[in-house]
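So the chains spell out like this:
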Amino acid sequence: MNVASIISEPLDIHGIGSKADRKARVLELLDLVGLDRNAGTRYPHEFSGGQRQRFGIALSPSSLLPGLGVCHSGDRSHKEKATHRADW
């Protein structure tokens, strides 16, 4: 499975959004964690260790629960992109 398929799998399983909505969410998540939009066509073994960590963040429960806060210990530019703030 490529990265986009892996990230969208929880959304598919839980029936969240249409196929187009899920694709848009995957692209948004890749962007939020600092990966190129075309990274979704690649396979996990093609990424460096740091990129795999970002991929893992995109795969985190925040993909299902946008209000859940998730952050990582990367540099500030990516930390700000990868942090979701709770709106509740």
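Rules behind the numbers
- Residues numbered from 1 in each chain as written.
- Predicted model: local features only at pLDDT ≥ 70, side-chain atom pairs only at ≥ 80, totals over all residues.
- Heavy atoms only, no water.
- Helix = DSSP H or I, 4+ residues; strand = E, 2+ residues; numbered from the N terminus.
- Buried < 20%, exposed > 50% of the residue type's maximum accessible area, 1.4 Å probe, protein only.
- Contact = heavy atoms within 4.5 Å.
- Areas by Shrake-Rupley, 256 points an atom, 1.4 Å probe, with all protein chains shown as cover.
- Expected span 1.5 Å × (residues − 1).
- Phe/Tyr/Trp six-rings, centres within 6.5 Å; stacked < 30°, edge-to-face > 60°.
- Lys NZ or Arg CZ within 6 Å of the ring centre and 35° of its normal.
- Arc of directions from axis to C-beta.

1. A short note on the overall build of the protein chain
Phase 1 of the analysis: Within the protein chain, the regular secondary structure consists of four helices and zero strands.
Phase 2 of the analysis: For the protein chain, the α and β elements follow one another from N to C terminus as α-α-α-α.
Phase 3 of the analysis: Evaluated residue by residue, the protein chain yields a buried proportion of 33% over its 88 residues.
Phase 4 of the analysis: Taking the contacts inside the protein chain whose residues are at least 6 apart along the sequence as the reference set, 47% of them involve residues at least 24 apart.
Phase 5 of the analysis: Of the roughly 5600 Å² that the protein chain leaves accessible, carbon and sulfur atoms contribute 52%.

2. Concerning helix H2 (residues 19-32)
Phase 1 of the analysis: Between the first and last C-alpha of H2 there are 20 Å, a value that for 14 residues agrees with the 20 Å anticipated at 1.5 Å per step.
Phase 2 of the analysis: Where the residues of H2 are buried, they touch helix H1 (3-13) and helix H3 (49-58).
Phase 3 of the analysis: A positive phi of about 85° marks Gly34, the residue just after H2.

3. Brief notes about the packing of aromatic side chains
Phase 1 of the analysis: The tally for this structure, following the rule as stated, stands at zero aromatic pairs.
Phase 2 of the analysis: Above the face of the Phe47 ring, Arg42 is positioned so that its terminal group lies 4.2 Å from the ring centre.

4. Thoughts on H3
Phase 1 of the analysis: Among the residues making up H3, those that are buried are Phe55, Ile57 and Ala58. All buried residues of H3 fall inside an arc of 155° around its axis, so they share one side.
Phase 2 of the analysis: Of the surrounding elements, those touching the buried residues of H3 are H1 and H2.

Purely geometric stuff here, so don't read any function into it on its own.
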